[in-house]
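# Structural description and commentary
Listed here are the chains, written in short residue letters.
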Amino acid sequence: MKKSFLLLFLLLLGFNPGCGVTELDKASIPLGLGVDVDGEQIVVSTELASPISPEQIESSSGPDFYVISGRGPTVVEAARKTTLEIPRNPLWSHTNTMIIGEKLARQDMALFMDFLSRNRYVRKNIPVFVSSQSTPEEILSVKPPIEPHPSIAIKNILNLQEKQVGIYVPIDLKEMEFRFLSPGIEPLVPQVSILESNTGKRLCLEGAAVFRGRKMVGSFNEMESRGYRWMSPRRIQGGLFLVPSPLHSGKLISLELSRSLAQITPKLQEGAIIMRIEIKAEGNFYEQNEAGELFTRERFQAIEELANQEIKRQILLSIDKAQELNSDVFGWGQMIKQNYPQQWGEMEGNWEELFPTVDKQIKVDFSLRRSYLADKSFNFQ
């Protein structure tokens with residue numbers, strides 16, 4: 001019991017391991033952290049939550065956050081330069097979103113990864129993004145709708161879209177660091193951009209940054225990102241995808257994914273590398289945008305086959321783009337290492353030459369399970 005009271009007391013005081021005790025009225029809360037380059041300088045930007053007084057709570061006045069940036073020849077120097085403008089000690093362990101500038105990503109991630117691997121204050125389980133056509137400072141400065149803080153809004157958008165539409169796969173700092181350190185696997189990081197509209201600026205997920213070695217070499221578009229998600233080694237749940245109607249050309253059917261699991265097995269045959277990709281998925285009939293009865297056994301079987309073809313198409317788009325960019329974001333090299341350790345020892349040195357030549361065999365088995373509130377197509381009179 002005494003230990004519980006002591007822990008609670010330290011938390012209330014804003015205890016920060018390695019930095020002593022910081023009283024709450026002398027601390028600031030960094031919610032988002034961004035790193036980029038500008039010429040020879042590193043730019044570190046942080047989004048800080050504004051302290052709210054009881055009067056502001058009642059009147060809802062005052063800004064919810066502000067953004068401070070520091071510059072320097074190294075990441076540490078630039079980060080500490082932000083304290084020249086912050087009157088309170090930043091508690092970096094509260095950071096919940098990391099944004100890497102596209103300029104930094106395309107130049108050399110070594111400028112940032114050494115700092116990340118040593119830093120003991122920034123948590124490794126926070127999601128990572130790459131800014132697109134904007135700087136991290138600009139991203140963190142956009143006031144989002146509904147959610148008061150940009151960094152939290154970006155994180156929530158990423159989590160929500162995975163269940164609702166199923167496009168981009170989250171990646172955290174720990175996973176990104178592992179992929180940079182390990183041979184036979186490269187990072188794929190969701191990109192965030194600023195959408196201009198008549199109602200102002202909005203934050204939007206758009207594309208996924210593809211890395212090779214220490215640099216970003218290109219991006220996956222929406223369909224390529226969907227294909228990557230189908231091949232995720234974990235069980236995926238949620239998302240929506242469209243397939244052609246078996247009734248009328250040009251019409252589409254909306255299917256909702258319940259669950260999907262990929263099994264990817266490398267095979268070495270007569271000097272060739274083959275990746276056998278098997279997708280087992282199931283989902284629900286969600287919407288049709290045409291007149292006609294689709295709820296028959298024959299047409300449901302036709303829809304399942306069309307779904308198999310569409311999933312395979314998306315997977316092929318993802319593989320083709322990755323091989324074009326020569327980036328093993330799927331971790332195929334790691335899979336070969338696990339299954340053929342001796343052969344991988346011979347391949348590792350020239351994996352960049354071998355990866356674009358890897359062949360693939362794709363088998364998809366999608367099953368329709370239910371159709372929610374209706375068991376027949378809507379009939380117009």
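Overview of the structure. (Residues numbered from 1 in each chain as written. Predicted model: local features only at pLDDT ≥ 70, side-chain atom pairs only at ≥ 80, totals over all residues. Heavy atoms only, no water.)

### Quick look at the overall build of the chain
A tally of helices and strands in the chain yields 13 helices and 13 strands. In the chain, buried positions account for 48% of the 381 residues. Considering only intrachain contacts with a sequence separation of at least 6, the fraction spanning at least 24 residues in the chain is 69%. Of the roughly 20100 Å² that the chain leaves accessible, carbon and sulfur atoms contribute 52%. (Helix = DSSP H or I, 4+ residues; strand = E, 2+ residues; numbered from the N terminus. Buried < 20%, exposed > 50% of the residue type's maximum accessible area, 1.4 Å probe, protein only. Contact = heavy atoms within 4.5 Å. Areas by Shrake-Rupley, 256 points an atom, 1.4 Å probe, with all protein chains shown as cover.)

### A closer look at the nonpolar core
Side chains that are nonpolar tend, in soluble globular proteins, to be buried together. With 58 residues, the main nonpolar core has Trp 230, Leu 255, Phe 330, Trp 332 and Phe 366 as its most contacted residues. A per-element tally of this core places helix α10 (residues 297-325) first, with nine residues. Each residue touching Trp 230, except ones within four places of it in the same chain, is listed here: Ile 236, Phe 241, Leu 257, Ser 260, Ala 262, Ile 279, Ala 281, Ile 311, Gln 314 and Ile 315. Formed by 30 residues, the second largest nonpolar core is a distinct cluster that contains Met 109, Ile 126, Ile 171 and Met 176. (Core = buried A, V, L, I, M, F, W, Y, C linked by side-chain atoms within 4.5 Å.)

### A closer look at empty space enclosed by the protein
Here the structure, examined in full by the defined rule, presents two cavities of 30 Å³ or more. If you trace the largest cavity, you find it lined by Val 165, Gly 166, Arg 226, Arg 229, Trp 230, Ile 236, Gly 238, Gly 239, Leu 240, Phe 241, Leu 257 and Gln 314. For the lining of the largest cavity, the elements supplying multiple residues, two or more each, are α9 (222-230) and β10 (240-244). Roughly 40 Å³ of volume is contained in the second largest cavity. As for the second largest cavity, its lining consists of Tyr 168, Val 169, Leu 188, Val 189, Pro 190, Ala 208, Ser 225 and Tyr 228. At the level of secondary structure, the elements contributing two or more residues to the lining of the second largest cavity comprise β7 (188-197) and α9. Partitioning the lining of the second largest cavity into residue classes produces seven nonpolar, one polar and no charged. (1 Å grid on protein atoms, 1.4 Å probe; cavity = no way out; pocket = protein on both sides within 12 Å on 5 of 7 lines; lining within 4 Å. Points joined across faces, edges and corners; volume = space filled by probe spheres on them. Nonpolar A, V, L, I, M, F, W, Y, C, P; charged D, E, K, R; others polar.)

### Here's the deal with the packing of α9 against α10
Between α9 and α10, the least distance of the axes is 7 Å, while the angle of their chain directions is 105 degrees. If you check the angle between α9 and α10, you find them roughly perpendicular. Contacts from Met 223, Glu 224, Arg 226, Gly 227, Tyr 228 and Trp 230 in α9 reach Glu 310, Ile 311, Arg 313, Gln 314, Ile 315, Leu 317, Ser 318 and Lys 321 in α10. When the residues that make up the contact of α9 with α10 are grouped by side-chain class, the tally is six nonpolar, three polar and five charged. (Axes fitted to C-alpha atoms, helices over the stretch in contact; angles between N-to-C directions. Parallel < 35°, antiparallel > 145°, perpendicular 65-115°, else oblique.)

### Overview of the pairing of strand β6 (residues 128-131)
Every second residue of β6 is oriented toward a common face, with Val 128 and Val 130 on one face and Phe 129 and Ser 131 on the other, all of them buried. Across three bridges, the pairing between strand β5 (residues 97-100) and β6 is parallel. Opposite Ile 99, over in β6, you have Phe 129 as the bridge partner. With two bridges joining them, β6 and β7 adopt parallel strand pairing. Across the sheet, residue Val 130 finds its bridge partner in β7, namely Gln 191. (Pairing = 2+ DSSP bridges.)

### Some details on the pairing of strand β12 (residues 272-288)
Direction of pairing for strand β11 (residues 252-269) relative to β12: antiparallel, over a ladder of 16 bridges. What sits directly across from Thr 265, in β12, is Arg 276. Hairpin connection, β11 to β12: the antiparallel pair is bridged by two residues, and Glu 270 has positive phi, about 50 degrees. By the bridge criterion, 10 bridges tie β12 to strand β13 (residues 359-368) in an arrangement that is parallel. Paired with Met 275 across the strands is Lys 360, a residue of β13.

### So, the pattern of salt bridges
With the rule as written, the count across this model stands at 16 salt bridges. Across the pair Arg 71 and Asp 38 runs a salt bridge whose closest N-O atoms are separated by 2.8 Å. Placement of Arg 71 in strand β3 (residues 65-72) and of Asp 38 in strand β1 (residues 27-38) is noted, with a sequence separation of 33 residues between them. In this structure, Glu 310 and Arg 313 form a salt bridge, with 2.9 Å as the shortest nitrogen-oxygen distance. Of this pair, Glu 310 and Arg 313 both sit in helix α10, three residues apart, roughly one helical turn. A cluster of three or more residues bridged by salt bridges with shared partners is formed by Glu 162, Arg 229 and Arg 234. (Salt bridge = Lys/Arg side-chain N within 4 Å of Asp/Glu carboxyl O.)

### Notes on the sheet that holds β13
Read across the open sheet, the four strands follow the order β10-β11-β12-β13; overall the sheet is mixed. Each of the sheet's edge strands pairs with one partner strand only, and the pair in question is β10 and β13. Along the sheet, successive strands turn relative to each other by an average axial angle of 40 degrees, direction set aside. Strand contacts of α10: β10, β11, β12 and β13, with the helix running at about 145 degrees to β13, the strand carrying the most contacts.

### Here's the deal with unusual backbone geometry
Even without being a glycine, Gln 133 presents a positive backbone phi close to 60 degrees. Structurally, Gln 133 is set in the loop between β6 and α6 (136-140). Overall, the relative accessible area of 77% leaves Gln 133 in the exposed class.

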